[in-house]
Amino acid sequence: MLIIGLTGSIATGKSTVSGILSSPPYSLPIIDADLLARQVVEPGTAGYKAIVSHFGPTTPDLLVPPSSPSMPEAGPDGKGRPLNRPALGRRVFGSGEEHRRDRAVLNGIVHPAVRRAMYGAVVRAYARGGRAVVLDVPLLFESGIDRICGAVVVVAVGDPKVQMARLRARDPHLSATDAENRVRSQGDVRVKARRAEARGEGWGVVVWNDGDREQLGKEVERAMAEIQRASPAWWSWTLLLCPPAAVVVGLWTYWQNTRINRRWAALELEEKSKL
């Protein structure tokens, strides 16, 4: 089974591409990391308890107020009250040292739980006989999940102003500063695009989304055709019908991608040394 990593940055159109890939003619199963990230911090989960324990004492508005229409049955003790995501976002999004520390703590709670849920979903997709599956992960490279992917698709925009305009149109409650902090927190999408292309033709492709929906559809079609040339259907079916071969190929893919990541890290270090 081919694992396709789908990533990008906030407001680049990754969710739209995910929707296209889940619909005909592709009809690929989507494993959405953002959805899993919400599920693993729902009230009662270990992730929820860890976040409340760490951030609760210094974030009075961390939980949705008991009087909120969305949670009228919640008691004043906080039991059953979901996280107040905007309040948590203000704690972790930003370029200051305190923001970075808080973001690292939050990621340390959420990412391992999401990773476990994601790997379980991949195994279930393989057991159902899927030829390919899409891992929709905003921080695909940063989390190292790209190492298990046979192909990576980055949804990117060439003009940063387009990204900012889309974000503020989608989330009008964000100030210009808040929007900029959220964009920066996910890294420069153009760097991610170059990193994908460094994987090689068919193994790393970029879907450029500076235009309208029709243009985006054509970009997705081009990207998927490139991936299918590198990983034809007969090869995917072979791995599906021969689990030992799938294990061997999976290990080889992990090793190969680890080598690619090391080369990329060395290249980044070399470029920084020139500054």
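Rules used throughout
Residues numbered from 1 in each chain as written. Predicted model: local features only at pLDDT ≥ 70, side-chain atom pairs only at ≥ 80, totals over all residues. Heavy atoms only, no water. Phe/Tyr/Trp six-rings, centres within 6.5 Å; stacked < 30°, edge-to-face > 60°. Buried < 20%, exposed > 50% of the residue type's maximum accessible area, 1.4 Å probe, protein only. Salt bridge = Lys/Arg side-chain N within 4 Å of Asp/Glu carboxyl O. Helix = DSSP H or I, 4+ residues; strand = E, 2+ residues; numbered from the N terminus. Axes fitted to C-alpha atoms, helices over the stretch in contact; angles between N-to-C directions. Parallel < 35°, antiparallel > 145°, perpendicular 65-115°, else oblique. Left-handed = near helix turned anticlockwise from the far one by under 90°. Contact = heavy atoms within 4.5 Å. UniProt positions renumbered as here; feature names shortened; annotations may be inferred.

Looking at an unreviewed UniProt entry, the chain carries the name Dephospho-CoA kinase, with the source organism given as Phialemonium atrogriseum.

Asker: Can you help me understand the packing of aromatic side chains in this one?
Answerer: Here a ring pair, both rings aromatic, is described through the centre-centre distance and the interplanar angle of the planes. Considering all chains together, one arrives at 1 aromatic pair under this definition. Aromatic pair Trp234 and Trp235: ring centres 5.9 Å apart, planes at 75 degrees, arrangement edge-to-face. With a relative accessible area of 33%, Trp235 lands in the partly exposed category.

Asker: Mind showing me how you'd approach the pattern of salt bridges here?
Answerer: Once the charged atoms of two side chains with opposite charge are near each other, the side chains can pair. Taken as a whole, this structure holds 10 salt bridges when the rule is applied. Note that Arg90 and Asp61 form a salt bridge whose closest N and O atoms lie 3.2 Å from each other. With Arg90 in helix H4 (residues 85–92) and Asp61 in the loop between helix H3 (46–55) and H4, this residue pair connects regions lying 29 residues apart in the sequence. A relative accessible area of 51% places Arg90 in the exposed class. Here Glu226 ties to Arg222 by a salt bridge, and the two come within 3.7 Å at their closest N and O atoms. Of this pair, Glu226 and Arg222 are both found in helix H10 (residues 213–230), 4 residues apart, which corresponds to roughly one turn of the helix. If you follow the salt bridges from partner to partner, you end up with Glu219, Arg222 and Glu226 in one network.

Asker: How should I be thinking about the packing of H3 against helix H5 (residues 97–127) in this particular structure?
Answerer: In a packed pair of helices, the relevant descriptors are the angle between the two axes and the axis-to-axis distance. The contact between H3 and H5 brings their axes to 9 Å, and the two run at 160 degrees. The orientation of H3 relative to H5 falls into the category roughly antiparallel. Where H3 crosses over H5, the handedness of that crossing is right-handed. In this structure, H3 contributes Gly47, Ala50, Ile51, His54 and Phe55 to the contact, and H5 contributes Asp102, Val105, Leu106, Ile109 and Val110.

Asker: Just checking my understanding: could you explain the UniProt feature "transmembrane region" (unreviewed entry) in the chain for this structure?
Answerer: Taken from the UniProt record, the annotation "transmembrane region" (unreviewed entry) applies to residues 234–255. Counting secondary structure, residues 234–255 comes out at 95% helix and 0% strand; the distance between its end C-alpha atoms is 23 Å.

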